[in-house]
Each structure stands twice: as structure tokens, then as C-alpha cells.
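What follows is the residue order along each chain.
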Amino acid sequence: MENINNVTEFILLGLSQNKKIKNWCFLLFLFCYIAIWLGNLLIIISIICSQLIDQPMYFFLNYLALSDLCYTSTVTPKLVTDLLEEKNTISYSNCMAQLFAIHFFGGIEIFLLTVMAYDRYVAICKPLHYTIIMNRRKCNAMVFACCAGAFLHSFVQCLLTITLPFCGPNEIDHYCCDVYPLLKLACTDTYITGILVVANTGMVGLVTFLVLMLSYFFILYTIRAYPPKSRSKALSTCSSHLTVVVIFFVPVLFIYIRPAATLPEDKVFALFYTIIAPMFNPLIYTLRNTEMKNALRKVWCQNPYFIKRALI
């Protein structure tokens, strides 16, 4: 039987229907969005305008900051503007576009974090071969693979959703278009689709998280024999990355690793990987990283005309 789709737009219920709470949330998330742009642009410009761009770790960090900006921009601007509106709607086509963008840039972030963990593993566990393994051509290939893998993941996610018929209620209990709330609205049996979504998103998140944890297990095992000073430096670098991984992955796994279902707290957990993680990433990577702090000081304090020279 041919799928019938009578829904042309969806109503986003958002975080709350209370006007006072919405006003406070507007100020909070507007501040967060501005902080995300300022912090990540600070990292991008500082890395590009310093010699750090030649190091694989900061080469990947530069792309991570860029993906943070793109990822949060798929959700936060509409969330902020919707908090000022009485009724929040999104067209069917824009909903599908947002779904694709969320999973595309989210996928890039997941794969980039995995590549960054691999970079630290090679740097600490195979230091003599580091420059050969992590040369610029291979780093570019890894970034391209992250984008290709994220595109494939997002394409499958959207394909599973677009084929569903929507003919009944159109209220999404979320602040953005995501796959589980949409499955709840479909007027057909979504059991098989739900399993495929878990396999596509939940298992991708779980497998990459396990790979990350395994790489850090080998790193911790290797640095046992390091002198205290070298061990402290390695732990400082890895702890920053591990903090970002935990903030991002724990909410993702909470939402996507379970069977397809929506819970009231999903909206709160989603804030962690769409807004909180992109906002705190610049702080985590700069406050505990001496090289990054030196680059910031050199670019912004000792070179006031760096932007003009970088553009020439």
C-alpha cells in the first residue's frame, strides 16, 4: 500500500510552554550561542594564524571547532527564536533538512573525536612513527573519511524517516526535529524502522565510544613507564579530550542506544550535545593546554594585526 503523507508542517512543543521559563531560556541560550561562536572562532583563528596548524592534534581540533559551529547552528538559532513565539512550527521539508544536518554534523563530531583519540594513541604509544603515520596527507584523508561516514549515516537516517507516512497528529515533543519523536508520530508500525535507527545511530555511537575508551586504555597502560613530568603532560592532554568525549557521548548513548522511544528528559539530555558540549569545548581545550594558551597569547596579545596579515 502506498504511503500517504497528509502532514505539511510540524508543531514543536519546545522545552516548556511557560512564558516566564521561555524568557529565561531565551536569554540563557542566546548567551550560550554567542559564547559558542566566540570561543570556537577564537580557537579556529588562533590555530590557523599560528604554527599549531602544522600539528595533527590541532589540525583536527580546528575541524572540531568548525563542526561545533555548524552542529549547534542547525538547532540553536531556531530554538532561540522559537522561545519568543507563541506557536512554533516547522515545515515538513525543513524538518527533514534539519534532521539530516543534525546527524551529519553530529556524525562528523563523533568521528573527529575518534580520530583525535587515535592521534593521541599514536603520539604516545608509537612516538617514533608518529610523523610518518600522521602526515598531512593522511590527516586530510581522515577528515574526508569523517565527512563521508557522517554523510552516509545521516543519509540512511533521513531515508528511514522520509519513507514513513505522517497522517495524524503533528506535535513533536522536542525543540528540534529528531528521529525518535518523528517515529512516534508516524501512522504505521515503526518497530522495524526503530531497530534500524538503533543500529544506525545507537551502534555507531556505542562502537566509537568503545574504540575511544580502548585507545585511552592503551595510552594509560603505556604512560605507566613514563617519567613523572612526561606522564603529567600526556595525562593533561588526554584528560581534556576525554572530558569532551564524556560530555558528548553520555547523553548521545542515553538517547540512542535504547529501543526507539521518547522520554521527557530526552530534550534536556539533547541540550548537552547540541549546545553545552560546543560551548565548553573551547574552554576545556584551552584552559588545560599550555600550547593552546601560548598560541592565544601570541596571536591575540603580541600580534594585534594578525587578521590583516592572515588575509593578505
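Residues numbered from 1 in each chain as written. Predicted model: local features only at pLDDT ≥ 70, side-chain atom pairs only at ≥ 80, totals over all residues. Heavy atoms only, no water.

**Student:** So what exactly am I meant to see when it comes to the overall build of the protein here?
**Tutor:** Each helix and strand counted, the protein has 12 helices and 3 strands in total. Taking 20 Å as the expected radius of gyration for a compact globule of 312 residues, we find that the protein reaches 21 Å, a close match to that expectation. For the protein, the spread of C-alpha atoms along the three principal axes comes to 65 × 40 × 35 Å. Counting every position in the protein, which comprises 312 residues, the buried fraction comes to 49%. Counting only contacts in the protein whose residues sit at least 6 apart along the sequence, the fraction spanning at least 24 positions is 79%. Here the protein displays about 15,700 Å² of accessible surface, and carbon together with sulfur accounts for 69% of that area. Of the charged side chains in the protein, 23 are positive and 16 negative, and the gap between their average positions amounts to 18 Å. (Helix = DSSP H or I, 4+ residues; strand = E, 2+ residues; numbered from the N terminus. Rg over C-alpha atoms; globule rule 2.2 N^0.38 Å. Buried < 20%, exposed > 50% of the residue type's maximum accessible area, 1.4 Å probe, protein only. Contact = heavy atoms within 4.5 Å. Areas by Shrake-Rupley, 256 points an atom, 1.4 Å probe, with all protein chains shown as cover. Lys, Arg positive; Asp, Glu negative; His and termini not counted. Charge placed at Lys NZ, Arg CZ, Asp CG, Glu CD.)

**Student:** How do you make sense of the sheet that holds strand 1 (residues 9-12) when you look at a structure like this?
**Tutor:** Read from one edge of the open sheet, 3 strands run 2-1-3, paired in mixed fashion. With one partner strand each, in any of the chains shown, strand 2 (89-91) and strand 3 (171-172) form the two edges of the open sheet. In this structure, strand 1 lies alongside strand 2, joined through 3 bridges in antiparallel fashion. Paired with Ile11 across the strands is Thr89, a residue of strand 2. Taken strand by strand, helix 4 (residues 92-125) contacts strand 1, strand 2 and strand 3, and its axis lies near 90 degrees from that of strand 2. (Pairing = 2+ DSSP bridges. Axes fitted to C-alpha atoms, helices over the stretch in contact; angles between N-to-C directions.)

**Student:** Please clarify how the layout of surface pockets should be interpreted in this entry.
**Tutor:** Rolled over the atoms, a probe sized like a water molecule indicates the empty space that remains. Estimated volume of the largest pocket: approximately 530 Å³. Around the largest pocket, the lining is made up of 21 residues, and of these Arg120, Lys233, Ala234, Thr237 and Glu291 lie nearest the centre. Those elements that place two or more of their residues in the lining of the largest pocket are helix 2 (56-73), helix 4, helix 9 (228-256) and helix 11 (290-300). Among the elements that line the lining of the largest pocket, the one with the most residues is helix 9, at 5 residues. (1 Å grid on protein atoms, 1.4 Å probe; cavity = no way out; pocket = protein on both sides within 12 Å on 5 of 7 lines; lining within 4 Å. Points joined across faces, edges and corners; volume = space filled by probe spheres on them.)

**Student:** Where do I start with a nonpolar patch on the surface in this structure?
**Tutor:** Nonpolar side chains collect at one region of the surface, where Tyr191, Ile192, Ile195 and Leu196 lie side by side and expose about 430 Å² of accessible area between them. The residue Ile192 is located in helix 8 (residues 191-222) in this model. For Ile192, a relative accessible area of 58% puts it in the exposed group. (Patch = residues over 30% accessible without salt bridge, like charges linked within 9 Å, V, L, I, M, F, W, Y side chains within 5 Å. Salt bridge = Lys/Arg side-chain N within 4 Å of Asp/Glu carboxyl O.)

**Student:** Quick question: what am I supposed to make of helix 9 here?
**Tutor:** Taking 1.5 Å as the rise per residue, helix 9 with 29 residues should run 42 Å; its terminal C-alpha atoms sit 40 Å apart, in good agreement. Of all the bends in helix 9, the largest measures some 25 degrees and sits at Phe249, one to four residues before the proline Pro251. (Expected span 1.5 Å × (residues − 1). Bend = angle between axes of the 7 residues up to and from the residue.)

**Student:** Sorry, what's going on with the side chain of Thr274 here?
**Tutor:** Turning to its location among the elements, Thr274 is positioned in helix 10 (residues 266-287). A distance of 3.1 Å separates the side chain of Thr274 from the side chain of Tyr175, its partner in a polar contact. In this view, Thr274 contacts Tyr71, Thr72, Val75, Thr76 and Tyr175; residues no more than four positions away in its chain are not counted. (Polar contact = N/O pair within 3.5 Å; in protein donor to acceptor, adjacent residues only side chain to side chain.)

**Student:** I would appreciate a short explanation of the packing of helix 8 against helix 9 in the present structure.
**Tutor:** Between two packed helices, what matters for the description is the angle formed by their axes and the separation of those axes. One can describe the packing of helix 8 onto helix 9 by two numbers: an axis separation of 10 Å at closest approach and a directional angle of 155 degrees. Here helix 8 is positioned roughly antiparallel relative to helix 9, judged by the angle of their axes. As for the relative orientation of helix 8 and helix 9, their crossing is left-handed in sense. From helix 8, Val198, Thr201, Gly202, Gly205, Leu206, Thr208, Phe209, Leu212, Met213, Tyr216, Ile219 and Leu220 reach across to helix 9, where they touch Leu235, Cys238, His241, Leu242, Val245, Phe249, Leu253 and Tyr256. (Parallel < 35°, antiparallel > 145°, perpendicular 65-115°, else oblique. Left-handed = near helix turned anticlockwise from the far one by under 90°.)

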